Amino acid sequence: MNDCSIRLATPNDAGTINDIQNVYIVSSTATFHTQPLTLDERLAWLKNRSPAHPVTVAEAEGAIVGWGALEVFRSRPAYRHTAEFSVYVHHDWHRRGIGRAILTDLETRARALHYHALVGGCCSESSPVIALLESLGYARVAHFREVGRKFDRWLDVVFLERIL
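Residues numbered from 1 in each chain as written. Predicted model: local features only at pLDDT ≥ 70, side-chain atom pairs only at ≥ 80, totals over all residues. Heavy atoms only, no water.

(A) Focus on the overall build of the chain. Along the chain, the regular secondary structure elements total four helices and seven strands. In sequence order, the chain lays out its α and β elements as β-α-α-β-β-β-α-β-α-β-β. Its C-alpha atoms give the chain a radius of gyration of 15 Å, within 12% of the compact-globule value 15 Å for 164 residues. For the C-alpha atoms alone, the extent of the chain along its principal axes is close to 40 × 40 × 30 Å. Looking at the 164 residues of the chain, the share that counts as buried comes to 40%. Long-range pairs, those at least 24 residues apart, make up 63% of the contacts in the chain with a sequence separation of at least 6. If you sum the accessible surface of the chain, you get close to 9200 Å²; carbon and sulfur atoms cover 52% of it. Taken together, the 18 basic and 18 acidic charged side chains of the chain have centroids lying 6 Å from each other. (Helix = DSSP H or I, 4+ residues; strand = E, 2+ residues; numbered from the N terminus. Rg over C-alpha atoms; globule rule 2.2 N^0.38 Å. Buried < 20%, exposed > 50% of the residue type's maximum accessible area, 1.4 Å probe, protein only. Contact = heavy atoms within 4.5 Å. Areas by Shrake-Rupley, 256 points an atom, 1.4 Å probe, with all protein chains shown as cover. Lys, Arg positive; Asp, Glu negative; His and termini not counted. Charge placed at Lys NZ, Arg CZ, Asp CG, Glu CD.)

Now the structure itself:
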C-alpha cells in the first residue's frame, strides 16, 4: 500500500491501538489474551516502553489502520540483541499491505537499534500471518503443541525468526 505512513505511537493513540487488538482478543486466536485490555492498561504499557522497544502506528486515509511493537524477547542479558515483534491490522484493512509495511518498518527500526534477530510467535491456525512472515524471509524455528488454551480449545504456537 503506497498511501500508508508509519510513525511512532503517542499516548493519544492508545484507544485506537486497544480497539484494534481487542477485536482479536474476543473473536480470534490471533492473540492469547483472553480479556479485552482497558485503556489504563494500554496507557501504562505505552508509558513503560524504552526507546529500544518502540510502538508504531500505520495511518491511511486519516485513520490508524494498524500498529506494531518491538518487545523484550527474554529478560536475560544474553538475549539483548533479539526482539520479539507484534503486528496488528484493523480488521477492515486486511490484505492491503498494512501488515507487511508495519513489519518492514519494525525491521528497519530493529537494525538501527542494533538488534541481530527478530522473533514472532503466532497461533498455528494463523496461516495468512505465517505466509506473510515466510514471504519476508522468516523461517519457522519452533512449533509448540497445545501451549495455549482459548475458547475451550488447546492451541499450538509457531515461532518464526529472521536474522537481520
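So much for the structure itself; the text now carries on.
(B) Main features of unusual backbone geometry. Not every positive phi belongs to a glycine, and His114 is a case in point at roughly 70°. Along the chain, His114 turns up in the loop between α3 (98-112) and β5 (117-123). With a phi angle near 50°, Glu146 is a residue other than glycine that sits in the positive phi range. The exposure class of Glu146 is partly exposed, given its relative accessible area of 43%.

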